[in-house]
Amino acid sequence: RAAIDQDVLEIYYQPLVNLQTNRISGFEALSRWNDPQRGFVPPSIFIPLAEEIGLIDVIGERVLMRACTQAASWPEDITVAVNLSAAQFKSAHLVSAVKNALATSGLRPSRLEVEITESIFLKDSESNLVVLTQLGDLGVKISMDDFGTGYSSLSYLHSFPFDKIKIDRSFVRDLPTSLSSAAIVRAVCGLARSFGASTTAEGVETDDQLTQIRAEGCTEVQGYIFGRPLPASEIPLLLSRLLPAPRELPVVDSR
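Not measured: the values here are computed from a predicted model.

1. Things to note about the pairing of strand β5 (residues 112-116)
And step 1. For β5, the buried fraction is high: five of the five residues fall into the buried class.
And step 2. Of the pairings in the sheet, the one linking strand β4 (residues 79-83) to β5 comprises four bridges and is parallel in character. Paired with Asn83 across the strands is Glu115, a residue of β5.
And step 3. Considered for its hand, the β-α-β crossover made up of β4, helix α4 (residues 94-105) and β5 is right-handed.
And step 4. Pairing geometry for β5 and strand β6 (residues 141-147), over four bridges, is parallel. If you follow Glu113 over to β6, its bridge partner there is Lys141.
And step 5. What joins β5 to β6 is helix α5 (residues 125-137), and the crossover it makes is right-handed.

As C-alpha cells, then:
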C-alpha cells in the first residue's frame, strides 16, 4: 500500500523481435518494485497481493497511462504490450481506462497490445468476452499470454479472435531436446496461422532455441537472448540501433 501511495513502482520494457525483419517490433511493459528495505520484490509476489487487497486497478491504470505515454515517443512501427489481470476485468472502468490512456497519450490504438491469460475465462466468461470485444473495437490488439498452460485453450480461441498467441516459456525451454515441446510449438504456430494470428515465443535464451523457433514458423521472440527488461530511459538508445545479431544488443540486468 505504501509503495502505491508513494508511486514508486516502475515500468521496465522487454523487447520483442520480429523474426522476418530481425528488428525490434515492440516492447512488453513490466512492473518493477525495488523496495529500500526488501530489495527487489518480484511481480509474482506483489501483483497477486495487489489483486487480493483490491489495488490492482490503481496499478493497472498507471501502467497503462505511462506505457502509452512513453510508447507515443517511439517510432510509429513500435508497439507496446500491457498485461491485464483477470481481477481488472471485474472493474467497470477497464475499457474507459484504456480509452483515457490512448486519448491522453495520443498513441494510435493499433500500437497498444493488451495481454490476457486464460484465467479470465474461468469466471464471468461471457461478460469478459464483452469487454474483450469492446477493447478490440477500439482498435487495440488482443494477445493470449501463457497459451496452453490453462484450461480448454482451443475453446477460447473459438470464442474470441485473438490477434496474437504467446507460447509459454515452459514449451520453449526444452525445445532442443524435447520432441513433444517441438511438436507443441509447431502446432501452436500452425493453429495461430489458421486463425490469422501471430505468435510470440517467450523465454528464448539460447541460439539453439532461437534456431528451432525460426524453423517452426514463429512470428516473434522475446527473451534474454535479445535483452533483459530495460528502464524507459534506455529505450531510445536501443531503438536508434539496428539489430544485426542477438548478442550485439545491450543487456541490462534489472534484477
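2. Section: the pairing of strand β8 (residues 198-202)
And step 1. β8 sits mainly inside the fold: four of its five residues count as buried.
And step 2. Of the pairings in the sheet, the one linking strand β7 (residues 164-167) to β8 comprises four bridges and is parallel in character. Paired with Ile165 across the strands is Thr199, a residue of β8.
And step 3. Viewed along the sheet, the connection from β8 through helix α9 (residues 207-215) into strand β9 (residues 220-222) turns out right-handed.

3. So, the confidence of the model for the chain
And step 1. When the pLDDT values of the chain are averaged, the result is 88; 93% of them are 70 or greater.
And step 2. Predicted confidence for residues 242-255 stays below pLDDT 50, and this span has 31 contacts to residues more than four positions away or in other chains.

4. Thoughts on the pattern of salt bridges
Opposite charge on two side chains makes pairing possible when the charged atoms of those side chains draw close.
And step 1. Under the definition given, this model contains 12 salt bridges.
And step 2. Put simply, Asp35 and Arg38 hold a salt bridge, and the shortest N to O gap is 3.3 Å.
And step 3. According to the relative accessible area criterion, Asp35 is buried, its value standing at 10%.
And step 4. Note that Arg108 is salt-bridged to Glu76, the shortest N-O span being 2.9 Å. Placement of the pair is Arg108 in the loop between α4 and β5 and Glu76 in the loop between α3 (56-71) and β4, with a sequence separation of 32 residues.
And step 5. Note on Arg108: relative accessible area 38%, which makes it partly exposed.

The rules behind the values
Sequence positions are assigned chain by chain, starting from 1 and proceeding in written order. Only residues with pLDDT of at least 70 get local features here, since the model is predicted, and only at 80 or more are side-chain atom pairs given and counted; chain-wide, interface and lining totals rely on the full set of residues. Values shown for side chains rest on all heavy atoms present in the structure; no hydrogens or waters enter the calculation. Note on classification: 1.4 Å probe, protein chains only; a residue is buried when its accessible area is under 20% of the maximum for its type, exposed when over 50%, partly exposed between these limits. Numbering of helices and strands starts at the N terminus; helices are DSSP runs of H or I of at least 4 residues and strands are runs of E of at least 2. DSSP bridges decide pairing: two strands pair if at least two such bridges lie between them. By convention a crossover is right-handed if, when the strands point away from the viewer, the path from the first strand over the helix to the second runs clockwise. Think of pLDDT as the predictor's per-residue confidence, scored from 0 to 100. We call two residues in contact whenever any of their non-hydrogen atoms come within 4.5 Å of each other. Any Lys or Arg side-chain nitrogen located within 4 Å of an Asp or Glu carboxyl oxygen qualifies as a salt bridge.

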